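Single-letter residue listing:
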Amino acid sequence: MTASAPADVPAGVGEPTPAAAASPLRPAGPRAGRLGRLGRARRTRPADLLGLAPFAAYVAVFLGAPAYAVITAAFKDDAGHATLSNVTTTLKDPYRHAFTVSIELSVLSAVLGAVLGLALAIAVSGARRDGFVHRAVTTASGVLAYFGGLPLAFVFLATLGPQGLVTKWLNSAGYNLTQHGFVLWNMAGLVLVYLYFQIPLMLLVIFPALDGLRPQWEEAARSLGASRRQYWLRVGGPLLAPPFLGALLLLFANAFAAYATAYALSTGSVPLVPIQIGSVMSGNVLAGQENIGNALGLWMIVVVGLVVVAYTLLQRRTARWLR
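Residues numbered from 1 in each chain as written. Predicted model: local features only at pLDDT ≥ 70, side-chain atom pairs only at ≥ 80, totals over all residues. Heavy atoms only, no water.

A. Representation of the overall build of the protein. Within the protein one finds 13 helices and zero strands. When the 323 residues of the protein are sorted by exposure, 31% land in the buried category. Pairs at least 24 residues apart make up 73% of the contacts formed inside the protein by residues separated by at least 6 positions. (Helix = DSSP H or I, 4+ residues; strand = E, 2+ residues; numbered from the N terminus. Buried < 20%, exposed > 50% of the residue type's maximum accessible area, 1.4 Å probe, protein only. Contact = heavy atoms within 4.5 Å.)

See the structure below:
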């Protein structure tokens, strides 16, 4: 004979509800609250941030302080009084034309570099990760992506310059590059030179996204009857689109801020914003416009800052899929 519950006790009292039942993986009651608070405390302890202190100091000294000096000087005249004339003057010619040329060069080199770099990355991603091809391409890209400045300008002048080796070979074959409008210091020549470091940089940036595409996803799509083209249109393409656009923005910022290579090739004749800033800082400025270079630097900070923010947002969009 079973004992029944007292009449004055409602049915179900004393029986654990599913929500209140103890779980072997998650403690219930006050202990669970204490563990939750301890977990939050671990994530936010100031001591955990000490490892970032050297990097924060480096950024503050070598990035924050110069940026602050440029921004504050952009809004001052030669006497140190507050003014907007420097900022507004840089929005007029010839400085506006320099921004137009810089943006055009950056867009062309970024788009071509992104497309060619993605094609090369897809081709190399099919090779074994521990194989010779994959290791050789990634190692070479790591070197070439940061090979710029005067050495890169010298390499192209010795190869495709007026007295370059390839130029002389083509002249002996009856083809004159200069007569066909190609020189290293016009738009086509600079885009070609910039591709030398844009393509390897794209390769390095897009490789993690390609590695994040699981082979099981393509196998699942194939098992459902999708072709390879449909897989890339419906699965691979949408997942690679944000990383690709983010890499495109990174290439744009990389080309927009390049200075030494273009200056060495053109000796300052190409109207790019970094070259204009270098000219102003060298003393080639009208009286009363000593802070024009700082105003140009301010607009460059704005452009690059917007690009970095957009790049960060695009990277966060696919981070949980491509881990």
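B. Representation of the pattern of salt bridges in the model. Throughout the structure, instances matching the rule amount to three salt bridges. The salt bridge partner of Arg-222 is Glu-218, with a shortest N-O separation of 3.5 Å. Taken together, the residues Arg-222 and Glu-218, both in helix H9 (residues 215-223) and four residues apart, mark about one turn of the helix. A residue is classified by how much of its surface remains accessible, and Arg-222, at 42% relative accessible area, is partly exposed. Residue Arg-228 pairs with Glu-218 through a salt bridge whose shortest N-O separation is 2.8 Å. In this pair, Arg-228 is assigned in helix H10 (residues 228-256) and Glu-218 in helix H9, connecting sequence segments 10 residues apart. Ionic contacts of the salt-bridge type, sharing partners, join the residues Glu-218, Arg-222 and Arg-228 into one network. (Salt bridge = Lys/Arg side-chain N within 4 Å of Asp/Glu carboxyl O.)

C. Summary view of the nonpolar core. If you look at the biggest cluster of nonpolar residues, it comprises 33 residues, and the most contacted ones within it are Met-202 and Ile-206. Put simply, the parts of the chain that give this core at least two residues each are helix H4 (95-125), helix H8 (187-212), H10, helix H12 (273-281) and helix H13 (292-318). In this view, Met-202 contacts Gly-113, Ala-114, Gly-117, Leu-118, Phe-244, Ala-247 and Leu-251; residues no more than four positions away in its chain are not counted. The next biggest cluster of nonpolar side chains, apart from the first, holds 23 residues, and it includes Val-101, Leu-190, Val-193 and Ala-255. (Core = buried A, V, L, I, M, F, W, Y, C linked by side-chain atoms within 4.5 Å.)

D. Spatial organisation of the packing of H4 against H10. Taken N-terminus to C-terminus, the directions of H4 and H10 make an angle of 135 degrees; their axes are 8 Å apart at the nearest point. Here H4 lies oblique to H10, going by the angle between them. Two packed elements cross with a definite hand, and for H4 against H10 that hand is right-handed. Residues Phe-99, Ser-102, Ile-103, Ser-106, Val-107, Ser-109, Ala-110, Val-111, Gly-113, Ala-114, Val-115 and Leu-118 of H4 touch H10, and the partners they reach there are Phe-244, Leu-248, Leu-251, Phe-252, Ala-255 and Phe-256. Looking at the contact of H4 with H10 residue by residue, the classes come out as 14 nonpolar, four polar and no charged. (Axes fitted to C-alpha atoms, helices over the stretch in contact; angles between N-to-C directions. Parallel < 35°, antiparallel > 145°, perpendicular 65-115°, else oblique. Left-handed = near helix turned anticlockwise from the far one by under 90°. Nonpolar A, V, L, I, M, F, W, Y, C, P; charged D, E, K, R; others polar.)

E. Main features of the packing of aromatic side chains. The tally for this structure, following the rule as stated, stands at seven aromatic pairs. Seen in terms of ring centroids, Tyr-58 and Phe-62 are 5.0 Å apart; in terms of plane orientation they differ by 40 degrees. Their pairing is tilted. With Tyr-58 and Phe-62 both in helix H2 (residues 53-74) and four residues apart, this pair spans about one turn of that helix. The residues Tyr-58 and Phe-62 share a single accessibility class, namely exposed. Among the aromatic residues, those joined into a ring-pair cluster are Phe-147, Phe-156 and Tyr-196. (Phe/Tyr/Trp six-rings, centres within 6.5 Å; stacked < 30°, edge-to-face > 60°.)

F. The side chain of Thr-167, seen in detail. When you line up the elements, Thr-167 lands in helix H7 (residues 165-172). For Thr-167, a relative accessible area of 5% translates into the label buried. With near-sequence residues (within four places) excluded, Thr-167 lies in contact with Thr-159, Leu-160, Gly-161, Pro-162 and Leu-177.

G. Expanded view of a nonpolar patch on the surface. Taken together, the side chains of Phe-55, Tyr-58, Val-61 and Phe-62 define a hydrophobic patch exposed on the protein surface, amounting to about 500 Å² of accessible area. Residue Phe-62 is classed as exposed on the basis of its relative accessible area of 58%. (Patch = residues over 30% accessible without salt bridge, like charges linked within 9 Å, V, L, I, M, F, W, Y side chains within 5 Å. Areas by Shrake-Rupley, 256 points an atom, 1.4 Å probe, with all protein chains shown as cover.)

H. Quick look at the confidence of the model for the protein. For the protein, mean pLDDT is 81; residues scoring 70 or higher make up 83% of the total. Averaged pLDDT values over the elements of the protein bottom out at 50 in helix H1 (residues 30-44) and peak at 92 in H4. Within the model, pLDDT remains below 50 along residues 1-28, and this stretch shows two contacts once partners closer than five positions in the same chain are excluded. (pLDDT = per-residue confidence, 0-100.)

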